[in-house]
Each structure stands twice: as C-alpha cells, then as structure tokens.
Amino acid sequence: MKVKPKIMKGEELPGLLVNEIGGMHGILHDHVEFLKKHFCLITMKEFLENKKNMSKKVQAVYLWWHKPVIDKDLLQSLPNLKVIANSGVGMDHLDLKLVASFGVKMANAPCAVSSSTADTGMALLLASARRLVEGYHVAVSPGMEYCEADFLGVEVTGATLGIIGMGSIGYKIALRAKAFEMKILYHNRTRRKEQEEQAVGALYCEKIDDLLCQADFVMVVVSLTPQTHKLIGKREMELMKPTATLINISRGAVVDQEALVIALRSGVIRAAALDVTYPEPLPRDHPLLKLKNVIITPHLGIKTDKATRMITEEAVENILAALAGLPMPSEVHPS
Amino acid sequence: MAEQDLPGLLIMGIGGTHGVQESLAALLKKHFSVITMKELLENKKEVGKKIQCIFVSEFRPTIDQELLESLPNLKVIGNSGVGVDHLNLKMISNFGVRVTNTPHAVADSTADMGMALMLASARRLVEGSQIAVSPDTNYFAADWLGVEVTRATLGIIGMGRIGYKVAQRARAFEMKILYHNRNRRSQEEEQAVGACYSEMEDLLQQSDFVMLVVNLTPQTEKLIGKKELGLMKPTATLINISRGAVIDQDALVEALQNKTIKAAALDVTYPEPLPRNHPLLKLNNVIITPHIGTATVQATHMMAEEAIANMLSVLNCQPIPSEVFPQ
C-alpha cells in the first residue's frame, strides 16, 4: 500500500478551526474551496481526535451558526489562537469578555448581513399584512373550492412602520419601507443624524411608548443584550394598536413569548411574524405554532446564496487582517 | 321614501362568502337604492325596471345576455377592480350600457402583492413557515438557502400604473430594473425609478425575477409560453399578478418540473381556483395565492368609492373618469 506523502503546502497555511463541513451546523460545502485557499481547515472532530498535534496549528476559528461553542476549555487548548470570526452580526452567543481575556480578537460580519436581513423583515411584514401564508393554504388545500369574499388583509402602502433599533439593518428597512410610502417612526439608543432621518423620512421617538401606540407595524431590529432582553412584553403589546402587527427579526429573547401568545389569542395585537424564537426551533407543542395569526420562519435572516458567500468573505478578510497584525474591518470589542 | 328616489343599483348580495362586505354595502346605500340578485330574481319584471347600475365585485354578478335583457333601464356597469376581461364589452355595448373600472384604487395594493410574492418566493417563506411548524422539525438546517433580492435584476412586463409602482418599490431594494411595455415611458419616468426599456427577449434572458403586470387582452393571452420560459434563466422566478391566462399554464408546469426556471409565484391562475388535482398545486417551487391582489380593507373601500364616482358620473351625464371600451 502506497504511503501518502505529507502535504507540506497545507501546513504553511494557518489553521482555521470550524465546527464541521456541511451537515446541521457545518460551514457550507460551496465555501470550502475558497477557505482552503487561505487556511488549513481543521474540523472539531479532527481537532478532538488529535488535540496534541492540532492545538498549536489553530490560529483562527470561524463560527458558523454559533458553532463550535467557545468556552474556557477550548480557549485554553488553543495557545496560538489569535482571532474568532463570527458569521453574522449577532454576538450574544459569545462571552466577549472571556475571549478578550485570552488576548483573542473577535470579528462579526455586518456588511453582508444588513441587506438580506432587511429583505427578510420586509418579506415578513408583507406576508403577514397580506395573509400570504394563509392564502397559500386556501389556494392549494384539497378542501377549499373558493376564496371567501371577506378574506382581507391590511394595507402596507401608506401605513405607519415603527422600527425599534435603527442600526444598519433598521436603516435599510426604513429605506425599503419609504418606497411603500410608509410613515416611519423609529426608536434607538442614540438618535440618527438629521440628514439620515430626512433621507428616509423617519421621525425619532425618544419614548418607545410613542412609537408603540402609533405604529401599524412594529419591527424589532435590535441586538440582544441584557437591556433588550424581553424588551417587548405585556406592557408594550398592550400599548400597540389592536390592528397592529409585530415583526421580530432580531433575537427570540427580545420578545416575551408567553406574553405574545396571550396578546395574539386575545386580540391585543392583530398578528405577529417571527423569524426568530427562543429556542430555535420551538418545541413542537408550543402554542405559537398553532396560532393562525402568526407566521414563523426558520431564521431566514441571511440565508441566501449571495449573503452567505459575502459573510465568509468578510470573515476571511477579518481573520487575515488579524493574523497580519493589521486593523480589522469589523472588530468587535466587549462592551 | 328618500331611498326610493335613489337610482337602483344591483349587487350580488351582502355578506357571506360571495356577497359585498357589510361596510361597502352601507357605503353604496348612501348613493343608491341597493338591490340584491335574490331580490331581482324574486320579481324580475317589477324590480328589473328600477336598476340603472350594476356594481360588479370579484366578478359577480355574472353579466350575460339574459341579465342585460331583463334590465331595460341599465345605464352603467361599475366594475370593482381594473381588469375587465370577465366582461363581454361588445355585448354590453350593444345594449347601450357603459362599463367603468377602478384603475387608481387597485394600484398600490397590487404592487404591494407583487413585491410580497417576489420576496416570499425568493426567500422560500412559505416552505420555511411549514418547516418552522412541522411536527418533524427538530433543527433548522444551515445549508437551507434562498436567493438574494437586493441588487438582483427585476424584469417588469407591463409598465402601467401598477408596474410603475412595482418599480418604485423594487428600486429601494437596489434592484436593477428592466421593463417591457407597449409604449416606452418618458425618460424622466425611467430615470426616477432607474428602469431600462428592453425588448422582451433581452428582459427574459437577463432577469432574476420576471413580473407580469399586463392586462389580459387577445394580444397578451399566453404571452409567456414555452419559448419565453426557455429564454429565462434557470435561476429565475416568474411572478404573475395580472391574469392567469397571460401564462401558458401547461408550459409553466413543464418548465417548473424540468427546472427550466427556478420557481413561480402566482396570485392569479386560469381558472380560479385551479382544479384540486392540478399539477401546479403539487410543485414545491410554486407559491399560489387566491387572487388577493386587492384584498385589503382599504383597497376594497377605495375601489367601491371609485366605482361609485364612475357610476354617478354616468347617471349625471358628467365626464366619466374611467370608462372602458370594447377593443
């Protein structure tokens, strides 16, 4: 049997640890070739099987969909780790302080994420308003022979959209909503510049309550932090119009799910559209799955061919910069 | 007694699955003595004379020769909606009856629906919602992807009022917009939405999303057939918010099954609804909605108001805002 020669060229490239290739939590097959141009790819399985040899090779970790889990044990076993690149913009699954304490830099991928996520938000807003999913079931269901004349949705054009969280994603939503002649209100930790507000015709609501009581559509676009945990609860939903729709494209934990179930059942709000829940997926017997006036999508967020490609490219850029000791395009520091 | 002085208006019915919404009936009653089909059929001779207008909503009531013959004083049919392909305009004209539609009231809602379908199809929203609630789901696969809308190319076939509003919306998604129309729009109008006029073939070959926004005429029937579908990219999506008959449905089924195109999203089919065993209902790369392009509280009210204004203008011998003529 022929002995395979050692692949010397591969060893010159810095080691990049990934959870797995393909499968449930793995990086995309389509991206492997691109990654292998810059790195020696090491999967968690390979790492765990051969910790002694592998541990020193790993200089970077590329998280895909929050995996592999970064804990103290892992950090301690990677003495040459310099940078962790996250796919996506949310960093709530990482202990930023812990990672920083090991002298490891972190990066997220904000550029690739914002347009796709804004598109997801608009897709959910329109689908909910026009009862698209319900309509689909009427159109294809074996029992239905006609659509009732009173199957009506609510108007999007000219309606009031309240955006909670006006970061880069929130702003892109405002740009899109403006084209639907929507009246735009927003609430944010910090106010945007006048120019930026005028460009989208957005009115600042210093108090979230003002936004909640005026909006026909409330879109939640914040990052998950201790301050935004259960930001939208019973009180906030009761301030909303009974004809209003809640759309969540941030993190499940920003909305109090139990309160949401009650609000939807009792008509406190008209409907909800959730791209994110807590947990994901929800347990199969969760009441949210049974409500007619809810659309739930499986964290579509950035799940497009182009966006995922851009995320990996952004991650690689950040990693290479970190390894070369250069400024990183999207470094994230512990707050 | 005042109600008897109001001109008689025939409607299908009030409420239920086929009738006019209660709130719209109330609106109509402000200007007309509203008569339902049931009331007419119970006493055709007496009641028929009273009817000067018909309010046609969701294609009901059906306007046939028999009905027209029973309404000697009929002056106008006010259609709720812009498409009048369900009306035999020549036959109606022969009875000396005018027909009006509601092009203004439908535009925003229909454009919104076009955008909703494009986004839902691109991002696999319906499939995704089924996965999210399915009893078999225990994780969300990382490699389950849709296609990007931002910066993709949208080809709009039919750049009338609705098509233009679609372009305005699509522009905000930084889409590249190509359009084809009987007549070219002015340069200012094109520039305002960043739309490029294209020949059909070029539009079909270059678009990631093809949206049909034409009205149904003998010229646009089966406008999109095997040849046109063959010109489209295999990664492209076809969206129809005009009329089902604008597409050759059999050719569409074949194209979707053979992956000649990627997906379709249809608010309209031929017929509506499709027979329950139709192949389009079984394809997982098709979204069908039950002709809800203008199905919002606001749009239906605006349509009724526009129809009322049209009908009253005929009765009052004033200029008619939106009359439609036989071709």
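For chain B, an unreviewed UniProt entry supplies the name Glyoxylate reductase/hydroxypyruvate reductase and the organism Gallus gallus. Its UniProt record, at the heading Sequence similarities (unreviewed entry), says of chain B: "Belongs to the D-isomer specific 2-hydroxyacid dehydrogenase family."

In the annotation of an unreviewed UniProt entry, chain A is listed under the name Glyoxylate reductase/hydroxypyruvate reductase and assigned to Gallus gallus. In its Sequence similarities (unreviewed entry) section, UniProt records this for chain A: "Belongs to the D-isomer specific 2-hydroxyacid dehydrogenase family."

Chemist: I keep staring at the overall build of chain B and nothing clicks. Help me out?
Modeler: Check the secondary structure of chain B and you find 14 helices and 13 strands. A globule of 327 residues ought to have a C-alpha radius of gyration of about 20 Å, and chain B, at 22 Å, matches this closely. Taken along the three principal axes of its C-alpha coordinates, chain B extends 70 × 55 × 30 Å. Evaluated residue by residue, chain B yields a buried proportion of 59% over its 327 residues. Intrachain contacts of chain B at a sequence separation of at least 6 include 63% that bridge at least 24 residues. Surface summary for chain B: the accessible area is close to 14,300 Å², and the carbon and sulfur share equals 49%. When the 31 basic and 35 acidic side-chain charges of chain B are each reduced to a single mean position, those positions are 1 Å apart.

Chemist: Whenever I open this one, helix α14 (residues 305-323) of chain A confuses me. Can you help?
Modeler: A turn of α-helix holds 3.6 residues, and therefore any two residues three or four places apart point the same way. Residues and elements named next belong to chain A. Look at α14: 27 Å from first C-alpha to last across 19 residues, which is about the 27 Å you get at 1.5 Å a residue. Inspection of α14 places A307, T308, I311, T312, E314, A315, V316, N318, I319, A321 and A322 among the buried residues, and these make up the whole buried set. In this structure, the buried side of α14 is in contact with β1 (15-18), α2 (29-38), β3 (58-63), β4 (83-86), β5 (105-107) and α7 (110-129). After α14 finishes, the residue G325 shows a positive phi value of roughly 70°.

Chemist: Is there a simple way to explain the interface of chain B and chain A in this structure?
Modeler: One frequently used descriptor of interface size is the decrease in accessible area upon assembly of the parts. Listed by partner, the interface residues are 64 residues for chain B and 63 residues for chain A. Where chain B abuts chain A, roughly 5,500 Å² becomes buried across the two surfaces, and 62% of that area is made up of carbon and sulfur atoms. Taken together, the links from chain B to chain A amount to 0 salt bridges. Remark: the boundary between chain B and chain A carries 23 residue pairs in polar contact (both at pLDDT 80 or more). Residue assignment for the side of chain B that touches chain A shows that the elements contributing at least two residues are α7 (103-122), α8 (125-133), α9 (161-171), β12 (286-288) and α14 (297-315) of chain B. Broken down by element, the residue count for the side of chain B that touches chain A peaks at 9 residues, all from α7 of chain B. Classifying every residue of the side of chain B that touches chain A by side-chain character gives 32 nonpolar, 21 polar and 11 charged.

Chemist: Can you help me understand the sheet that holds strand β2 (residues 40-43) of chain A in this one?
Modeler: Residues and elements named next belong to chain A. If you walk across this open sheet you meet the 5 strands as β2-β1-β3-β4-β5, and the pairing is parallel. Edge positions in the sheet fall to β2 and β5, since each of these pairs with one other strand and no more. Across the sheet, the mean angle separating the axes of adjacent strands is 25° when strand polarity is ignored. With 4 bridges connecting them, β1 and β2 associate as parallel partners. Paired with V18 across the bridge in β2 is T43.

Chemist: Looking at this structure, I do not really get the UniProt feature "domain: D-isomer specific 2-hydroxyacid dehydrogenase NAD-binding" (unreviewed entry) in chain B. What am I missing?
Modeler: With numbering aligned to this structure, UniProt lists the feature "domain: D-isomer specific 2-hydroxyacid dehydrogenase NAD-binding" (unreviewed entry) at residues 115-293 of chain B. Within residues 115-293 of chain B, the helical portion is 32% and the strand portion 16%, while the C-alpha atoms at the span's ends are 11 Å from each other.

Chemist: I keep staring at the sheet that holds strand β3 (residues 51-57) of chain B and nothing clicks. Help me out?
Modeler: Either a parallel or an antiparallel arrangement is found when strands of a sheet pair, and the pairing is made through backbone hydrogen bonds. Residues and elements named next belong to chain B. Strand order in this open sheet of 6 strands is β2-β1-β3-β4-β5-β13, and the pairing throughout is mixed. In this open sheet, the two edge strands, each paired with only one partner strand, are β2 (33-36) and β13 (323-324). Here strand β1 (residues 8-11) runs beside β2; their pairing, made up of 4 bridges, is parallel. Residue pairing across strands places L10 opposite I35, the latter belonging to β2. Strands β1, β3, β4 (76-80) and β5 (98-100) of the sheet are contacted by α14, whose axis makes an angle of about 155° with β3.

Quick notes on the rules
Residues numbered from 1 in each chain as written. Chains lettered and ligands numbered in written order. Predicted model: local features only at pLDDT ≥ 70, side-chain atom pairs only at ≥ 80, totals over all residues. Heavy atoms only, no water. UniProt positions renumbered as here; feature names shortened; annotations may be inferred. Helix = DSSP H or I, 4+ residues; strand = E, 2+ residues; numbered from the N terminus. Rg over C-alpha atoms; globule rule 2.2 N^0.38 Å. Buried < 20%, exposed > 50% of the residue type's maximum accessible area, 1.4 Å probe, protein only. Contact = heavy atoms within 4.5 Å. Areas by Shrake-Rupley, 256 points an atom, 1.4 Å probe, with all protein chains shown as cover. Lys, Arg positive; Asp, Glu negative; His and termini not counted. Charge placed at Lys NZ, Arg CZ, Asp CG, Glu CD. Expected span 1.5 Å × (residues − 1). Buried area = accessible area lost by both parts, 1.4 Å probe. Salt bridge = Lys/Arg side-chain N within 4 Å of Asp/Glu carboxyl O. Polar contact = N/O pair within 3.5 Å; in protein donor to acceptor, adjacent residues only side chain to side chain. Nonpolar A, V, L, I, M, F, W, Y, C, P; charged D, E, K, R; others polar. Pairing = 2+ DSSP bridges. Axes fitted to C-alpha atoms, helices over the stretch in contact; angles between N-to-C directions.

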